[in-house]
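Listed here are the chains, written in short residue letters.
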Amino acid sequence: MSIWEYANPVKFMKTSSLVLPWVTGLAAVCLVVGLYWGFFLTPEAENFKQSVKVIYVHVPSAMMAINIWVMMLVTSLIWLIRRHHVSALAAKAAAPIGLVMTFIALVTGAIWGQPMWGTWWEWDPRLTSFLILFLFYLGYIALWEAIDNPDTAADLTGVLCLVGSVFAILSRYAVNFWNQGLHQGATLSLDKEENISDVYWFPLLLCIAGFVLFFVALLLLRTRTEIRARRLKALEQRERMA
Amino acid sequence: MIALLLRDLRLAVRAGGGFGLGLAFFLIVVTLVPFGVGPEGNVLARIATGVLWLGALLACLLSLDRIFALDFEDGSLDLLATAPVPLEGVVTIKALAHWITTGLPLVLAAPVFGVLLHLPGPAYFWLVVSLLLGTPALSVLGAFGAALTVGLKRGGLLLSLLVLPLYVPTLIFGAELVKRGASGMDTQMPLLMLAGITAATIAVVPFASAAAIRVNLR
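What you see is a predicted model, and the numbers here were worked out from it, not measured in a lab. (Residues numbered from 1 in each chain as written. Chains lettered and ligands numbered in written order. Predicted model: local features only at pLDDT ≥ 70, side-chain atom pairs only at ≥ 80, totals over all residues.)

## Points about the nonpolar core
Piece 1. Core analysis: the largest hydrophobic core is formed by 137 residues, its most contacted members being Ala56(B) and Ala147(B).
Piece 2. Those residues in contact with Ala147(B) that lie beyond four places of it in its chain are Phe68(B), Val91(B), Ser209(B), Ala212(B) and Ile213(B). (Core = buried A, V, L, I, M, F, W, Y, C linked by C-beta atoms within 7 Å. Buried ≥ 20, exposed ≤ 12 C-beta atoms within 10 Å, placed from the backbone. Contact = placed C-beta atoms within 7 Å.)

## Some details on the interface of chain B and chain A
Piece 1. The interface of chain B with chain A comprises 19 residues on the first partner and 22 residues on the second.
Piece 2. Put simply, the parts of the chain that give the side of chain B that touches chain A at least two residues each are helix 7 (123-149), helix 8 (156-166), helix 9 (168-182) and helix 10 (188-217) of chain B.
Piece 3. The dominant element in the side of chain B that touches chain A, judged by the number of residues it contributes, is helix 10 of chain B, at six residues.
Piece 4. Class assignment for the residues of the side of chain B that touches chain A results in 17 nonpolar, one polar and one charged. (Helix = DSSP H or I, 4+ residues; strand = E, 2+ residues; numbered from the N terminus. Nonpolar A, V, L, I, M, F, W, Y, C, P; charged D, E, K, R; others polar.)

## A closer look at the packing of helix 5 (residues 150-178) of chain A against helix 10 of chain B
Piece 1. At their nearest, the axes of helix 5 of chain A and helix 10 of chain B sit 9 Å apart, and the two run at 170° to each other. Classed by the angle they form, the pair helix 5 of chain A and helix 10 of chain B counts as roughly antiparallel. Between helix 5 of chain A and helix 10 of chain B, the contacting residues are Thr152(A), Asp155(A), Leu156(A), Val159(A), Leu162(A) and Val163(A) on the first element and Val205(B), Ala208(B), Ala211(B), Ala212(B), Val215(B) and Asn216(B) on the second.
Piece 2. Considered class by class, the residues forming the contact of helix 5 of chain A with helix 10 of chain B number nine nonpolar, two polar and one charged. (Axes fitted to C-alpha atoms, helices over the stretch in contact; angles between N-to-C directions. Parallel < 35°, antiparallel > 145°, perpendicular 65-115°, else oblique.)

## Comments concerning the UniProt feature "transmembrane region" (unreviewed entry) in chain A
Piece 1. As recorded in UniProt, the sites labelled "transmembrane region" (unreviewed entry) are residues 18-39, 59-81, 93-115, 127-147, 159-179 and 199-221 of chain A.
Piece 2. Secondary structure across residues 18-39 of chain A comprises 100% helix and 0% strand; the distance between its end C-alpha atoms is 33 Å. (UniProt positions renumbered as here; feature names shortened; annotations may be inferred.)

## Notes on helix 3 (residues 85-117) of chain A
Residue and element names in this part refer to chain A.
Piece 1. An ideal rise of 1.5 Å per residue puts 48 Å on 33 residues; helix 3 measures up with 46 Å between its terminal C-alpha atoms.
Piece 2. The largest bend along helix 3 measures about 25° and falls at Ala 95, with the proline Pro 96 one to four residues further on.
Piece 3. Positioned one or two residues after helix 3, Gly 118 has a phi angle of 75°, which is positive. (Expected span 1.5 Å × (residues − 1). Bend = angle between axes of the 7 residues up to and from the residue.)

Written out as structure tokens, the structure is:
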């Protein structure tokens, strides 16, 4: 029993069809309970008033935005090294989800930033690097869309993902350096989560779990669609040859 | 490799008029900026560095799709790929040719355009240094983008979407170097970072570009 068995599309389709309803159900439960708990059953924070509730969408989506890119990097590497089609299709399926997560993080951040910092947008290092990440997602998806041959597209987007990852990290630190010292205290830093009391921490944890499961469910669904679309294409080609 | 470099340079100078085009575009950008932000000298002086860097970046972008497109169309790229020279070397040479025809003229012209934008005195030296260090990275990264999109019919717009995010670190450190240099602050950190990014880009990215071309020629 190894993970590489799932490189076989048939095996992947079989297992994913079994897993998919469970993951979807669990994601729904986590999200509904976590968001309800977070939105209605937690007290207002002293400095934040009601606006603290954005955290239950903002933090999970921001985490997913970064982690989905990492997942795409891993699957691209697997495709480039071991040539498993499912892997390349999973990367293709994940990209739009990552794009939307980045967008959600930016929008909820703006909604949170308006009452807290008095501005919708600030050229803060974190915000800026998320905007750059958004651009990387756009470029990646656009390259997939532009190329007809699926194998060529998988190869080229894989190479782009590798180079893009290096430059995304580089941009992250360059941006940090570029606006250092101008917006202290304006970042949504990780230490704030340590300050956060358990009242907020547990529903947040549930929301994060919900977002992860939600992503896995969407990813499985989209990858299955991609595999079916690929099969359809192959069948059509065979028909034309005959 | 030198023969290839000379061939590319000759093609760039003699055919198609792409050689002076980037420079003319740079001049137009610099001319249009005061119309957009107003002719006040102190405003222009403050944004001059950014405008010059952005202008150089866009002018560089303009000629990127020429790096491989013509050779791809007439088949000489296939010959180059099967030549005894490794494809990574070919890519590097082509990026170098692109830099000599667009990057280097921009570096040399930038101080002149700086006059138009009221660039403060001490900034000239650092502007030339930063562009000299930064533009090779722009050409090499541009060659990567061109290699990715060489097989596409209308890759131009996609090319800029792919390449511009990659330019972010170079632009940040390049502009920062000029800003610090002009105001007499410590320049070592952005100088080293800019040089490091360019050196690493030249060393590593041609492998990715060559891989992309191999995929496109398959």
